[in-house]
Number of protein chains: 2
Amino acid sequence: MGCLDDGRFNVELENGKNNGKDGSAIEDAVKVLLMGLGEDINREGIRKTPLRVAKALRDGTRGYRQKVKDIVEGALFPEAGLDNRVGHAGGAGGLVIVRDIDLFSYCESCMLPFQVKCHVGYVPSSERVVGLSKLSRVADVFAKRLQEPQRLANEVCSALHHGIKPDGVAIILQCTHIHFPDVESVFLDSNHQGLVKILVSAGSGVFENKNADEWADFFSLLKFRGISMEKINFRGSSDMSWCSSQSAKISSKVGPVNPAMVTAAASIIKSLGEDPLRKELRGTPTRFVKWLMNFQNCNFDMKLNGFLNGGIASLDTNKEVELNDKKICSELNLAFWSQCEHHLLPFHGVVHIGYILSDGFSPIGKSLLQSIVHFYGFKLQVQERLTRQIAETISPLIGGDVIVVVEASHTCMISRGIEKFGSSTATIAVLGQFSTDLTTRASFLQGIPSPTSSDQ
Amino acid sequence: MGCLDDGRFNVELENGKNNGKDGSAIEDAVKVLLMGLGEDINREGIRKTPLRVAKALRDGTRGYRQKVKDIVEGALFPEAGLDNRVGHAGGAGGLVIVRDIDLFSYCESCMLPFQVKCHVGYVPSSERVVGLSKLSRVADVFAKRLQEPQRLANEVCSALHHGIKPDGVAIILQCTHIHFPDVESVFLDSNHQGLVKILVSAGSGVFENKNADEWADFFSLLKFRGISMEKINFRGSSDMSWCSSQSAKISSKVGPVNPAMVTAAASIIKSLGEDPLRKELRGTPTRFVKWLMNFQNCNFDMKLNGFLNGGIASLDTNKEVELNDKKICSELNLAFWSQCEHHLLPFHGVVHIGYILSDGFSPIGKSLLQSIVHFYGFKLQVQERLTRQIAETISPLIGGDVIVVVEASHTCMISRGIEKFGSSTATIAVLGQFSTDLTTRASFLQGIPSPTSSDQ
């Protein structure tokens, strides 16, 4: 298979030698993108963003410059099988599974990172087993490229099959992609889905037939992860992409895109060692720019002011907590999307807002609060500033006493060599009574619900 | 503070320049340790173990060669605070928390890795925030050393305080250490604890007082992790180590240790850039060798044979599953400890055993099955071989039809640059009817319980 015929990667390695040159090509492209978003590229927060993005992208796609052979060689160990008996025992014949390997990859359709929980199994043969960590390392080689879930599963499967030469290899990937938010529709639809999930598999040798007994064993040992054969997507190359950037709705809604930005995005793909003319990548620069344009630094103020003046009346679902003689109005779990200005990577999560209504003010409806959240979310942002801006906007509307808590997952904490998968970030802004009175603050904070496991 | 006065680390960096020399000193030491365990250092499975151990240790203690200043510099960003208002908002004043950062460190008492779930908070001041990933990176600098939980918390706290100069820093660490198994007592006590957990904290500035309001906010946002001030250990330097290698019971039970092995372990500590004469490290080489001696390649066969001949009668807790006219006897969740022969790192978990009793054979008691598991566990092992050996030992005792499933966490999957924290490995060995009949196999596999969250 191509993934083991390393000729292609040797060439890329050669081409990739001049890291400085490739890096600076990406930096230049990122500057074009930032200017296209209306940003001042000399602003202190984003001055080094081109450098950071280039470094992160080079690291995040290092799989183009790695060889499976180097990883597997020297990690194949002889293990006796069972002599003259009926059966398969670990070592030669028995199934070996490594579950729950956290990886991330880049979507070839939109260039955003997606998360992968990878389960790998193989049945050893020829009295030969492979070091367990190599299963994870080989999977990572193919994850660290521009990918599509089914291709990723196929490539990992075939690379392991050729590297270990076992009786068979089985791969199951649980992939999670941030939903492509559309700034227009998200303002109107508060039930917008935050994440798209897909389950794919690949099998070789004894796992080639998806009804083989070996798959039943594999699923038995994955069953508590809610995985079964019925839930797996069997995808062909002609299937619609799982990435929402390809939906017709998005494509038609967003207007014409800045050609300089598209050229810049294409040059990034080329610098990574990929062919921007490969069928699956042809529309990627445009789709990436459309994603970015959601976070354009344009004058939305008019829009928000419209909301602020007209929206107070809609009193939909405020929850109230009694606090001595006053009440804390709260709105929890308002969804938000944003783009980290340090890395041009998405972060998303929920916002919790609490406030005490002063005399003479009216409560704020959920839809207005959600609009304020989206207004400050759809920008190049940092979470600390987002939190402060929401608090400062709400404060004069209710008389001063407000608390805002933002809980988020940052893509920049999982990609970029940090790879802290389970981590999440919380920021708090407090004004008025919430800043001075611990009891008031605590009674709001205690009402924040535990995140559901699907959010994590 | 010492951690930011980089003089000490510069010196270590100089000393550490000759990686080749240090690496080969560690390799030589590992050879002495392997020979002390009675292993043939030319056996194919462990031939490259000295090289692998040296590489892993150098990488796992890279914190000695890293500087906090390099990490934090360039990642401090100006963020406006609230002008002329009462309150603290994210950006300047509001609490910023990064939760659930997975790290691992090395126990200075026994040199084994321990896992850390790290929660970091700080209150920005001077209109300055730090890039979120830096909190994780700085914590990692101090984790990648020989450590003790409270010192690790203190060092991360003080490094962040000096690096960011905020109003205060708060650190909470949930640390998990593999229990030091004692091959003698573990055979007798089936309820041996697998893991030791401890919760520590450190605070600076506004968090220096553990009753400060700021701590209440921090705990509010951690509450669903079962963390509260009451559960935190406030430790002084004179407190007993959390590491069970220091318990008097272990120390007295294990006989005199091989002085060449102790010298070898001390030379490893020195090669890493540590002072083996530092108070906390003085007994570490001896404790490490005592741990290793649990996995000595000695002639235990006599002992197991004794069990096999005399132990059949004790029919304690076998569970039975009806299968047509036959019954599957099963024993689930038998604990085991073992040592990965490729990396000299522990792996541990549970073994599930099922068998069909042939006519003329008697059921096997739980205590005998547990003894068989420990017998094959307490060796330099690979999980595949362990699984096969248990199956092959049980097979003739019950007439041939046996299935063994081993589920394990491998320290070598979390340390050594792989850092796949949630991953686990399952291996299956099947003999007789379990290898030929899917229904028989499935009816056993379906009975394996889901791991409890505390095991993960």
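Just so you know, these numbers come straight off a predicted model, no measurement behind them. Here the residue numbering is sequential within each chain, running from 1 through the sequence in written order. For this description, chains carry letters from A and ligands carry numbers from 1, given in the order in which they are written. For a predicted model such as this one, the threshold for reporting local features is a pLDDT of at least 70, and the threshold for listing and counting side-chain atom pairs is 80 or more; totals across whole chains, interfaces and linings nevertheless cover every residue. The basis for the side-chain values is all heavy atoms of the structure; hydrogens and waters are excluded.

### Some details on the overall build of chain A
For step 1, the next point in the chain: Secondary structure elements follow DSSP: runs of H or I no shorter than four residues count as helices, runs of E no shorter than two count as strands, and numbering proceeds from the N terminus. Secondary structure assignment for chain A yields 18 helices and 14 strands.
For step 2, the next point in the chain: Per-residue burial for chain A yields a buried fraction of 61% across its 456 residues.
For step 3, the next point in the chain: Contacts in chain A between residues far apart in sequence, at least 24 positions, make up 73% of those at least 6 positions apart.
For step 4, the next point in the chain: When the accessible surface of chain A is totalled, it reaches about 17200 Å², and 50% of it is carbon and sulfur. Burial here depends on accessible area, computed with a 1.4 Å probe over protein chains only, as a share of the maximum for the residue type. Under 20% is buried, over 50% is exposed, and the range in between is partly exposed. Residues are treated as being in contact if the distance between any of their heavy atoms lies within 4.5 Å. Under the convention used here, a 1.4 Å probe and the Shrake-Rupley method define accessible areas, while residue burial counts only the protein chains that appear.

### Remarks on unusual backbone geometry
For step 1, the next point in the chain: One non-glycine residue, Leu344(A), adopts positive backbone phi at about 50 degrees.
For step 2, the next point in the chain: One can find Leu344(A) in the loop between strand S10 (326-340) and strand S11 (345-356).

### Observations regarding the state of the cysteines
For step 1, the next point in the chain: Counting rule for disulfides: a pair of cysteine sulfur atoms within 2.5 Å. In this structure the tally under the stated criterion is 0 disulfides over all chains.
For step 2, the next point in the chain: Note on Cys243(A): no disulfide assigned, nearest cysteine sulfur contributed by Cys110(A) at a separation of 3.6 Å.
For step 3, the next point in the chain: Cys107(B) forms no disulfide, and the closest cysteine sulfur to it belongs to Cys110(B), at a distance of 3.7 Å.
For step 4, the next point in the chain: Overall, Cys107(B) belongs to the buried group, its relative accessible area being 2%.

### Quick notes on the packing of aromatic side chains
Residue and element names in this part refer to chain A.
For step 1, the next point in the chain: Only centres within 6.5 Å qualify two rings of Phe, Tyr or Trp (six-membered ring in Trp) as a pair; their planes then separate them into stacked at under 30 degrees, edge-to-face at over 60, and tilted for everything else. Under the counting rule described, the total for this entry stands at 20 aromatic pairs over all chains.
For step 2, the next point in the chain: When the ring of Phe207 is compared with that of Phe218, the centres are 6.4 Å apart and the planes differ by 85 degrees; the resulting orientation is edge-to-face. Of the two residues, Phe207 is situated in the loop between strand S8 (195-205) and helix H9 (213-220) and Phe218 in helix H9; the sequence distance between them amounts to 11 residues. A single burial state applies to Phe207 and to Phe218, both of which are buried.
For step 3, the next point in the chain: On the numbers, 4.8 Å between centres and 80 degrees between planes, the contact of Phe375 with Tyr376 is edge-to-face. For the pair Phe375 and Tyr376, one class covers both residues: buried.
For step 4, the next point in the chain: Ring pairing ties together the aromatic residues Phe207, Trp215, Phe218 and Phe219, which thus form one cluster.
For step 5, the next point in the chain: In our convention, an over-ring charge means Lys NZ or Arg CZ found within 6 Å of a ring centre and within 35 degrees of that ring's normal. Here Lys144 stacks its cationic end above the ring of Phe104, 4.1 Å away from the centre of that ring.

### A closer look at the relation of the copies chain B and chain A
For step 1, the next point in the chain: You can overlay chain B on chain A at an RMSD of 0.0 Å; the transform is a turn of 180 degrees with a shift of 0.0 Å along its axis. Interpreted geometrically, this transformation is the action of a two-fold axis.
For step 2, the next point in the chain: The residues that chain B uses at the interface reappear at the interface of chain A in 100% of cases, marking a shared surface. Superposing the copies works by least squares over the C-alpha atoms of residues that have pLDDT at least 70 in both of them.

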